[in-house]
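# A structural walkthrough
Here are the chains, one letter per residue:
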Amino acid sequence: MRQSLLALLAKEPAHGYELKQALEAIFGSAYPSPNIGQIYVTLGRLEKDGHVRSVGVEQSNRPNKKVYYITAAGLETLQAWAEEPTEGPRVRDEFFMKLVLAPMTGLSDRMALINRQRRHYLSLMRELGELAERTDPGDRVALLLIEGAMLHLQADLDWLERCQEELP
Amino acid sequence: MTTTPAIRAVNLVKIYQSGRGLPVPAVRGVDLTVDPGEFVAIMGPSGSGKSTLIHLLGGLDTRTSGEIWLDGKRADTLSESGWAVLRREKIGFVFQFFNLVTNMTVADNVELPALLGGASPRHARERREYLLGELGLTDRAAAAPAQLSGGEQQRVALARALANQPRLLLADEPTGNLDSRNTRDVLKLLSRVHRQGQTIVLVTHDARVAGLADRVVSLLDGEIVDDGAIVRRRGPGGTAGDVVELRG
Ligand SMILES: Nc1ncnc2c1ncn2[C@@H]1O[C@H](COP(=O)(O)OP(=O)(O)O)[C@@H](O)[C@H]1O
Ligand SMILES: [Mg+2]
């Protein structure tokens, strides 16, 4: 959440509740609705690290609220985050580890491992399909996120098939 | 009470023998039972015998040995014309390479099986309009198959297979030529007819299609290596944000 809050503050100063609303508006159902406590905790940490500062704004009849703004250091961190390449999800593969090692130890045979994993992926796919069905068609961000997850799963399944063909 | 299976294949074998070459065992002792209303996806690497199996089940190729029972009736011993009648009455088949009638319009291609099956012209037309509409093909009705893209032809082939409201839908990679959006139309139609009780057996590489199925059968080298239900691990509910982790 650190980067998303920094990014929102790079656009304009805001208080905690406005940040929560902005996250909801931008990500739709793609992001589990952030709770306000988490947002304040994260803002506190960002402030301690010098990435944001806050000023109290007087409010009539209510306690003052803090408006947060980004610092030069915060902007630099955000810039670095935006520019660095993002790790793909496939750089570590626990399943492949099992696939190579388990038969060696006699714990499980490869065919059974692959078959179980295939069924698992397909049940995930089924859930994603149902999720796409009940997602508001106007919620483009959420739908793209789901589509991305489906494409990854398809690649995983294709790769399972390759393992089944190639490994004895 | 036990229901009569829609399909029962017993120790089904197909060995291709072409000329003086070595015999190719494409399907090697497959046992498969499909209940009425069930949706079964057949998966497996290329050359594992998926097309051969689905063709055998539709009587489009003859078995070398074994039995095929459809709706409780022995089918593997039928003559070619016996199969033709059975297909006309009970089976919709989507070929991997469409097999549309080239000198007929899209509309006529889709209406033909319903008319052959004894539907009234009006009923056949309404069914055709419904199916083409569901598959986003309404404005292609008057076109000839050759004027359509591969993806469009494949959707027409699906509409044709469903025209007769067959007891059994067999399909060989029905989304193999489709882009994402067209696949979505096909997925919707498949899940709708399945909810209405349509029995479906289809070959697919597409996990979105397989994810709709009740059960997946995996083939490898002509044999079934896995056969089991696709189960949901959690109940329906949640949003994209709950299911897909967005890091950052
Ligand atoms: N008409 C045919 N004559 C000879 N061999 C065939 C014929 N059709 C398929 N085969 C062979 O049978 C095997 C299974 O093919 P197929 O059923 O098309 O597999 P899949 O659909 O899984 O890719 C392959 O080795 C293929 O070369
Ligand atoms: Mg094939």
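Above this note sits the structure.
The following refers to the structure shown. (Residues numbered from 1 in each chain as written. Chains lettered and ligands numbered in written order. Predicted model: local features only at pLDDT ≥ 70, side-chain atom pairs only at ≥ 80, totals over all residues. Heavy atoms only, no water.)

### Thoughts on the overall build of chain B
Here is the rule we go by: Numbering of helices and strands starts at the N terminus; helices are DSSP runs of H or I of at least 4 residues and strands are runs of E of at least 2. Using C-alpha atoms as the atom set, the radius of gyration is obtained and then compared with a globule rule of 2.2 Å times the number of residues to the power 0.38. The rule is simple: take the accessible area with a 1.4 Å probe, protein chains only, and divide by the maximum for that residue type; under 20% is buried, over 50% is exposed, in between is partly exposed. In what follows, a contact means two residues having at least one pair of non-hydrogen atoms within 4.5 Å. The Shrake-Rupley method, run with a 1.4 Å probe sphere, supplies the accessible areas, and residue values consider only the shown protein chains as cover. Charged-residue counts in this description rest on Lys and Arg as positive and Asp and Glu as negative, His and the chain ends being excluded. For the purpose of locating charges, the reference atoms are NZ of Lys, CZ of Arg, CG of Asp and CD of Glu.
Secondary structure assignment for chain B yields eight helices and 10 strands. A globule of 248 residues ought to have a C-alpha radius of gyration of about 18 Å, and chain B, at 19 Å, matches this closely. Taking the principal axes of its C-alpha atoms as reference, chain B extends roughly 55 × 50 × 45 Å. The buried share among the 248 residues of chain B stands at 49%. By sequence separation, contacts in chain B at least 24 residues apart represent 68% of the contacts at least 6 residues apart. A total accessible area of about 11,400 Å² is found for chain B, and carbon and sulfur atoms account for 48% of it. In chain B, 30 positive and 28 negative side-chain charges are present, and the distance between their average locations comes to 2 Å.

### Considerations on the interface of chain A and chain B
Short version of the rule: We define a salt bridge as a contact between a side-chain nitrogen of Lys or Arg and a carboxyl oxygen of Asp or Glu at a distance within 4 Å. A 3.5 Å cut-off defines polar contacts: any pair of N or O atoms within that distance qualifies, except that in protein one atom must be a possible hydrogen donor and the other a possible acceptor, and neighbouring residues in sequence count only when both atoms are side-chain atoms. The residue classification treats Ala, Val, Leu, Ile, Met, Phe, Trp, Tyr, Cys and Pro as nonpolar and Asp, Glu, Lys and Arg as charged. All others, Gly included, are polar.
Listed per partner, the contact involves 35 residues of chain A and 38 residues of chain B. Connecting chain A to chain B are two salt bridges. Where chain A packs against chain B, one counts 11 residue pairs in polar contact (both at pLDDT 80 or more). Secondary structure elements with two or more residues in the side of chain A that touches chain B: helix 6 (110–134) and helix 7 (140–166) of chain A. Looking at which element gives the most residues to the side of chain A that touches chain B, the answer is helix 6 of chain A, with 16 residues. The residue makeup of the side of chain A that touches chain B, split by class, is 17 nonpolar, seven polar and 11 charged.

### Structural notes on the environment of Ile15 of chain B
Residue and element names in this part refer to chain B. Its place among the elements puts Ile15 in strand 1 (residues 7–16). Along the primary structure Ile15 and Ala26 are separated by 11 residues, whereas in three dimensions their C-alpha atoms are 5.7 Å apart. Other than its neighbours up to four places away in sequence, Ile15 contacts Pro23, Val24, Pro25 and Thr64.

### Focus on the sheet that holds strand 9 (residues 215–220) of chain B
All names here are of chain B. We count it as follows: Criterion used throughout: strands pair if DSSP finds at least two bridges between them. Note on geometry: axes are C-alpha line fits, over the in-contact stretch for helices, and angles between N-to-C directions span 0 to 180 degrees.
Strand order in the open sheet formed by six strands is 6-7-8-3-9-10, and the pairing between neighbours is mixed. The sheet is open, and its two edges are formed by strand 6 (91–94) and strand 10 (223–229), each paired on a single side. Across this sheet, the average inter-strand angle for adjacent strands is 15 degrees, counted without regard to direction. Sheet topology note: the strand 9/strand 10 ladder contains six bridges and is antiparallel. Across the sheet, the residue bridging to Leu219 is Ile224, located in strand 10. Contacting strand 3 (39–43), strand 7 (168–172) and strand 8 (199–203), helix 6 (residues 180–195) runs over the sheet at an angle of about 145 degrees to strand 8.

### Quick word on helix 2 (residues 80–90) of chain B
Residue and element names in this part refer to chain B. As a reminder of what qualifies: The reported arc concerns the directions from the helix axis to the C-beta atoms and nothing else.
Those residues of helix 2 lying buried are Trp83, Leu86 and Lys90. Looking straight down helix 2, one finds that the buried residues subtend no more than 60 degrees of arc, so they occupy a single side. Pointing more than 90 degrees away from the buried face of helix 2 are the exposed residues Glu80, Ser81 and Glu89.

### Quick word on the site of ligand 1
Residue and element names in this part refer to chain B. What counts here: We call a residue near a molecule or strand whenever a single non-hydrogen atom of that residue lies within 4 Å of it.
Surrounding ligand 1, one finds Tyr16, Val24, Ala26, Pro45, Ser46, Gly47, Ser48, Gly49, Lys50, Ser51 and Thr52. In the model, an oxygen atom of ligand 1 is placed 2.7 Å from a nitrogen or oxygen of the Gly47 main chain. Take Thr52: an N or O atom from its side chain is 2.5 Å from an oxygen atom of ligand 1. Alone, ligand 1 offers 560 Å² of accessible surface; in the complex the protein occludes 60% of this. At the level of elements, strand 2 (24–34) and helix 1 (50–57) are the ones that each hand at least two residues to the shell around ligand 1.

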